[in-house]
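A closer look at the structure
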Amino acid sequence: MLAIIDEHRVPRDRLVIELTESDVQWPSTIRVEALDRLADEGVELSIDDFGTGHSSLERIRTLRVDELKIDRSFVGGMVDNPVDRQLVSTVIELAMSRDFRLVAEGVETEQEADELVAMGCGTAQGYLFARPIPPAEFVALVQSDTALEPEARAASRSITAGR
């Protein structure tokens, strides 16, 4: 994998590999060694859809994780469901205690964004900020002058920015 990264001239410190929680449930020794080697080379590891898999906290303790992404099923339910709210809060506390970056997925309303900020999560993605766009449109957006406009940056902004 490092050869492919180098071939495409991707700066290793700008690359984040996202694995779903089920991908890391029972990683083999070979997989752990490969992930460790990537981490040694500056590549970061993100656990996507955190909370939906069957992994144990042992994986969070032993893998060199840089980021947790709270699954949208919890974020979407936290406004009306106290159990989901408590789970989101617990994941935020876990991430903060381990010095992980944290991203809340599937944020669709201002109320969800406000509650996440109040709980200490300042980074989110979801339809509240932008809808998915095809790769060609993304490239055109980044290359255009409008990419410098605040509205064009909304998809990647922190939920605490501009509020």
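Residues numbered from 1 in each chain as written. Predicted model: local features only at pLDDT ≥ 70, side-chain atom pairs only at ≥ 80, totals over all residues. Heavy atoms only, no water.

1. Quick word on the overall build of the chain
Here is the rule: Numbered from the N terminus, helices here are DSSP runs of H or I no shorter than four residues, and strands are runs of E no shorter than two. Any residue under 20% of the maximum accessible area for its type is buried, any over 50% is exposed, and the rest in between are partly exposed; the area is computed with a 1.4 Å probe on protein chains only. We call two residues in contact when some of their heavy atoms are within 4.5 Å. Calculation of accessible area relied on Shrake-Rupley with a 1.4 Å probe; when residues are assessed, cover is drawn exclusively from the protein chains displayed.
The helix and strand inventory of the chain stands at seven helices and four strands. If you list the helices and strands of the chain from N to C, you get α-β-α-β-α-β-α-α-β-α-α. Burial analysis of the chain (163 residues in total) assigns 35% to the buried set. Contacts in the chain between residues at least 24 apart in sequence constitute 59% of all its contacts with a sequence separation of at least 6. For the chain, the accessible area works out to roughly 10200 Å², and carbon and sulfur atoms hold 52% of it.

2. Here we look at empty space enclosed by the protein
Going by this rule: Here the term cavity refers to a set of points on a 1 Å grid, laid over the protein atoms alone, in which a 1.4 Å probe fits but cannot get out; the term pocket refers to an open set having protein on both sides within 12 Å along at least five of seven lines, with lining residues being those that place an atom within 4 Å of a point. Grid points are joined across faces, edges and corners, and a volume is the space filled by probe spheres set on the points. Gly counts as polar in this scheme, as do all residues outside two lists: the nonpolar Ala, Val, Leu, Ile, Met, Phe, Trp, Tyr, Cys and Pro, and the charged Asp, Glu, Lys and Arg.
Tallying each qualifying case throughout the model produces one cavity of 30 Å³ or more. For the largest cavity, the calculated volume is near 80 Å³. What lines the largest cavity is simply Ile17, Leu35, Asp36, Leu38, Ala39, Val43, Glu44, Leu45, Leu63, Arg64 and Asp66. Those elements giving two or more residues to the lining of the largest cavity turn out to be helix H2 (29-40) and strand S2 (44-50). For the lining of the largest cavity, the element with the most residues is H2, which contributes four residues. Of the residues assigned to the lining of the largest cavity, the class counts are seven nonpolar, no polar and four charged.

3. A few points about helix H6 (residues 110-119)
We apply this condition: The arc in question is the one traced by the directions running from the helix axis out to the C-beta atoms.
Along H6, the positions that sit buried rather than exposed are Glu112, Ala113, Glu115, Leu116 and Met119. For H6, the angular spread of buried residues about the axis comes to 165°, placing them on one side. Where H6 is buried, its residues meet helix H4 (72-77), helix H5 (82-97) and strand S4 (101-104). Backbone geometry just downstream of H6 places glycine 120 in the positive-phi region, at approximately 105°.

4. Remarks on the packing of aromatic side chains
Stated precisely, the cut-off is as follows: Two aromatic rings from Phe, Tyr or Trp, using only the six-membered ring of Trp, form a pair when their centres are within 6.5 Å; if the ring planes differ by under 30 degrees the pair is stacked, by over 60 it is edge-to-face, and anything between is tilted. Here, a charge over a ring is recorded when the distance from Lys NZ or Arg CZ to the ring centre is within 6 Å and its angle to the ring normal is within 35 degrees.
In total, this model carries zero aromatic pairs according to the counting rule given. Seen from the ring of tyrosine 127, arginine 131 lies directly overhead, with NZ or CZ sitting 3.8 Å from the centre.

5. Things to note about the side chain of glutamate 115
Position of glutamate 115 relative to the elements: it lies in helix H6. Among the residues examined, glutamate 115 registers a relative accessible area of 16% and is labelled buried. Leaving out residues up to four positions away in the same chain, glutamate 115 has contacts with Met78, Val79 and Arg85.

6. Observations concerning the sheet that holds S2
Using the following cut-off: Strands are labelled as partners when DSSP assigns at least two bridges between them. Angles here are taken between N-to-C directions and fall from 0 to 180 degrees, while the axes themselves are lines fitted to C-alpha atoms, restricted in helices to the stretch in contact.
Pairing is parallel in the open sheet, where four strands are placed in the order S1-S2-S3-S4. Two strands bound the open sheet, and with one partner strand each, they are strand S1 (16-20) and S4. Going across the sheet, the axis of each strand differs from the next one's by a mean of 20°, ignoring polarity. Packing against the sheet, H5 makes contact with S2, strand S3 (67-70) and S4, and its axis sits at approximately 175° to S3.

7. Side note on unusual backbone geometry
Phi is positive for arginine 9, close to 55°, though the residue is something other than glycine. Examined against the element boundaries, arginine 9 turns out to sit in the loop between helix H1 (2-7) and S1. Positive phi, close to 60°, is recorded for aspartate 99, a residue that is not glycine. With respect to the helices and strands, the residue aspartate 99 is situated in the loop between H5 and S4.

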